[in-house]
Amino acid sequence: MGTNNLTTASATSRLTNQVGRAIVTARGNHFVVDSPSALGGPNEERNPLDLMLGALATCATFICETAAQERGIALDAIAVTAAGDLDGRGLCNGDINPRMQAFRVRIALSGPTEAEAQALVEAFQTRCPVYTTFSRAAPVEVEIALE
């Protein structure tokens, strides 16, 4: 734990001998990240945007799973899709802001009632550090789909 009960998370990225490819290390695990084609990368592995949206989707998945266990809510299945909008021209042109303009999260749940599903989404929106960070940067639309 860091100061004031803060937990510090970190990741390190190092270029490989292939242009546009990096090895990322986080908590002793390694994975490959490619630059998109627009920046001259091979775009064969996940790219930084994939990781960002994947972090949002998996955080929603795990927070909903944990909240369901804590509240005794039957959760037979969950699938979360995260998407975001940006002006990709900004990747190559410093005059255009490439920031994410909006996010959308679709949470498909099997098992919970409508009220229970809403409680799980509220847990996600208050407990997920990825969501709480992103929601300060751009609007995040959350859709619940009961299956």
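Anything mentioned here points back to the structure above.
In short, a report on the structure. All figures in this text were calculated on a predicted structure; none of them were measured in a lab. (Residues numbered from 1 in each chain as written. Predicted model: local features only at pLDDT ≥ 70, side-chain atom pairs only at ≥ 80, totals over all residues. Heavy atoms only, no water.)

Some thoughts on the sheet that holds strand S4 (residues 77–85)
Part 1 of the argument: Sheet architecture is open: 3 strands sit in the order S4-S5-S6, paired in mixed fashion. A single partner strand is all that each edge strand has here, and the edge strands are S4 and strand S6 (140–146). The mean angle between the axes of side-by-side strands here comes to 15°, regardless of whether they run parallel or antiparallel.
Part 2 of the argument: Pairing analysis gives 7 bridges linking strand S5 (residues 102–110) to S6, with the strands arranged parallel. (Pairing = 2+ DSSP bridges. Helix = DSSP H or I, 4+ residues; strand = E, 2+ residues; numbered from the N terminus. Axes fitted to C-alpha atoms, helices over the stretch in contact; angles between N-to-C directions.)

Considerations on helix H1 (residues 48–71)
Part 1 of the argument: For H1, spanning 24 residues, the distance from its first C-alpha to its last is 34 Å, which sits close to the expected 34 Å at 1.5 Å a residue.
Part 2 of the argument: Regarding H1, the residues found buried are Leu-53, Leu-56, Ala-57, Cys-59, Ala-60, Ile-63, Cys-64, Ala-67 and Ala-68.
Part 3 of the argument: On its buried face, H1 is in contact with S4, S5, helix H2 (114–127) and helix H3 (129–137).
Part 4 of the argument: Remark: Gly-72 follows H1 within two positions and exhibits a positive phi of approximately 70°. (Expected span 1.5 Å × (residues − 1). Buried < 20%, exposed > 50% of the residue type's maximum accessible area, 1.4 Å probe, protein only. Contact = heavy atoms within 4.5 Å.)

A short note on the state of the cysteines
Part 1 of the argument: Counted under the stated rule, the structure contains 1 disulfide.
Part 2 of the argument: Cys-128 supplies the cysteine sulfur nearest to Cys-64, a cysteine that is in no disulfide, at a spacing of 9.2 Å.
Part 3 of the argument: Given a relative accessible area of 0%, Cys-64 falls into the buried group. (Disulfide = S-S within 2.5 Å.)

Points about H3
Part 1 of the argument: Inspection of H3 places Val-130, Tyr-131 and Phe-134 among the buried residues, and these make up the whole buried set. The buried residues of H3 all sit within an arc of 90° when viewed along its axis, so they share a single face. Facing away from the buried surface of H3 by more than 90 degrees, the exposed residues are Pro-129 and Arg-136.
Part 2 of the argument: Buried residues along H3 sit against H1, S5, H2 and S6. (Arc of directions from axis to C-beta.)

Points about the packing of H1 against H3
Part 1 of the argument: Between H1 and H3, whose axes approach to 8 Å, the crossing angle comes to 125°. Taken together, the axes of H1 and H3 lie oblique to each other. Across from Met-52, Ala-55, Leu-56 and Cys-59 in H1, the residues of H3 making contact are Pro-129, Val-130, Tyr-131 and Phe-134.
Part 2 of the argument: The residue inventory of the contact of H1 with H3, partitioned by class, reads 8 nonpolar, no polar and no charged. (Parallel < 35°, antiparallel > 145°, perpendicular 65-115°, else oblique. Nonpolar A, V, L, I, M, F, W, Y, C, P; charged D, E, K, R; others polar.)

Here's the deal with the side chain of Arg-21
Part 1 of the argument: Along the chain, the position of Arg-21 falls in strand S2 (residues 21–26).
Part 2 of the argument: A polar side-chain atom of Arg-21 sits 2.6 Å from a polar atom in the side chain of Asp-34. (Polar contact = N/O pair within 3.5 Å; in protein donor to acceptor, adjacent residues only side chain to side chain.)

Details of the nonpolar core
Part 1 of the argument: With 28 residues, the main nonpolar core has Leu-56, Phe-103, Val-105, Ile-107, Phe-124 and Cys-128 as its most contacted residues.
Part 2 of the argument: With 9 residues, H1 is the single largest residue contributor to this core.
Part 3 of the argument: Not counting the four nearest positions on each side in its chain, Phe-124 is found in contact with Leu-56, Ala-60, Ile-63, Cys-64, Val-105, Ile-107, Tyr-131 and Val-142. (Core = buried A, V, L, I, M, F, W, Y, C linked by side-chain atoms within 4.5 Å.)

Some details on the pattern of salt bridges
Part 1 of the argument: Counted according to the given criterion, the structure contains 7 salt bridges.
Part 2 of the argument: In this structure, the salt-bridge partner of Arg-106 is Glu-143, at a minimum N-O distance of 3.5 Å. Here Glu-143 lies in strand S6 and Arg-106 lies in strand S5, a separation of 37 residues in the sequence.
Part 3 of the argument: Since its relative accessible area comes to 34%, Arg-106 is described here as partly exposed.
Part 4 of the argument: Take Glu-143: its relative accessible area is 38%, and that puts it in the partly exposed class. (Salt bridge = Lys/Arg side-chain N within 4 Å of Asp/Glu carboxyl O.)

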